[in-house]
Amino acid sequence: MFPERLTDGYRAFLSGRFAAERNRYEMLAEAGQKPEIMVIGCVDSRVSPEVIFDAAPGELLVVRNVANLVPPYEPDRETQHGTSAALEFGVQALRVKHIVVLGHAHCGGIRAFADEQEPLSPGDFIGRWMSQIAPAAEGLGPRKAEDGDLYLRRLEFASVELSLRNLMTFPCVSILVGRGKLQLHGAYFGVATGRLLVRNPETGAFEPVAEEGHGGLSAIRCP
């Protein structure tokens, strides 16, 4: 049976948001989508880009995977390229102007890698997927027992940095960035606090977006 929660939610959407924005939906159906911003986020149910950025239909092109990772450009590798395909579509077909890699606190994928957790299934899909962040972990050095969860936070930021570097291995991305037609951004969302940090491209520090009632949050520099 289809989940009742979804049925109830759809009814609320139909009578609420859809009714209020029907003209927009009709326009999007007729003219097609033309989002200027692509967000690469995590599958984590607590970190919805559309909710965090209060986006209207058609504003954001969103691709989500475990731990918001961008694999390097590997066209000859015999595997499925879900994230790479979405990236190709956003950059080549829709001509987005911005790509945001959105990391977040308390990421289960990052913890699974850092804690070397046992596979959840014989396929170990999560383990194989998360092995991509090994270069980011190597950059942080050995994990120390006294670091506690601080190491996980550092690895969450480092994984965003790694994804930004991997984006530049895609020719379609690097060429457009070089021409000034595409900008790459790193961001980090605090699940418990609601705070958003945005990476300063000049310093590499993740700095807080100005928010009422959230003063005093200092910048965080990724090692």
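Predicted model only: the values in this text are computed from it and were never measured.

Draft legend 1. Main features of the domain arrangement of the protein chain. When cut into domains, the protein chain gives domain 1 (1-32) and domain 2 (33-208). On the domain 2 side, the residues contacting the seven residues of domain 1 number seven residues. When residues of domain 1 are sorted by the area they lose upon contact with domain 2, Arg17, Arg24 and Gly32 head the list and together hold 63% of the total. Taken together, the links from domain 1 to domain 2 amount to zero salt bridges. Here domain 1 is connected to domain 2 by two residue pairs in polar contact (both at pLDDT 80 or more).

Draft legend 2. Region of interest: the packing of aromatic side chains. Following the criterion strictly, the structure yields seven aromatic pairs and no others. Relative to Tyr25, the ring of Phe18 lies with its centre 5.2 Å away and its plane at 45 degrees, an arrangement referred to as tilted. Both rings, one in Tyr73 and one in Phe170, keep their centres 5.4 Å apart while their planes meet at 65 degrees; by these two values the pair is edge-to-face. Residue Tyr73 is found in the loop between strand S2 (60-65) and helix H5 (82-93), and its partner Phe170 is found in the loop between helix H9 (150-167) and helix H10 (171-178); the two are separated by 97 residues along the sequence. Since its relative accessible area comes to 40%, Tyr73 is described here as partly exposed. Given the relative accessible area of 6%, Phe170 is considered buried. Feature note: the residues Tyr10, Phe13, Phe18 and Tyr25 constitute an aromatic cluster, connected by ring pairs.

Cut-off values and rules
- The numbering scheme is per chain: residues are counted from 1 as the chain's sequence reads.
- Reporting in this predicted model follows two pLDDT cut-offs: at least 70 for local features of residues, and 80 or more for side-chain atom pairs to be given and counted; totals over whole chains, interfaces and linings ignore these cut-offs and use all residues.
- Only hydrogens and water are set aside when side-chain values are computed; all heavy atoms of the structure are taken into account.
- In this entry, domain limits derive from an automatic or database-based domain assignment.
- Two residues form a contact once any of their heavy atoms are found within 4.5 Å.
- Accessible area, probed at 1.4 Å, shrinks when two parts are joined; the buried area is that loss added up over both.
- Here, a salt bridge means any side-chain nitrogen of Lys or Arg that lies within 4 Å of a carboxyl oxygen of Asp or Glu.
- For the purposes of these results, a polar contact is taken to be a pair of N or O atoms within 3.5 Å, where, inside protein, one atom must be able to donate a hydrogen and its partner to accept one; residues adjacent in sequence count only when each atom of the pair is a side-chain atom.
- Any pair of Phe, Tyr and Trp rings, taking the six-membered ring for Trp, is counted once the centres come within 6.5 Å. Such a pair is stacked with planes under 30 degrees apart, edge-to-face with planes over 60 apart, and tilted for the rest.
- The way it works is that DSSP assigns letters per residue, a run of H or I at least four long becomes a helix, a run of E at least two long becomes a strand, and they are numbered from the N terminus.
- In this scheme, a residue with accessible area under 20% of its type's maximum is buried, one over 50% is exposed, and one in between is partly exposed, where area comes from a 1.4 Å probe on protein chains only.

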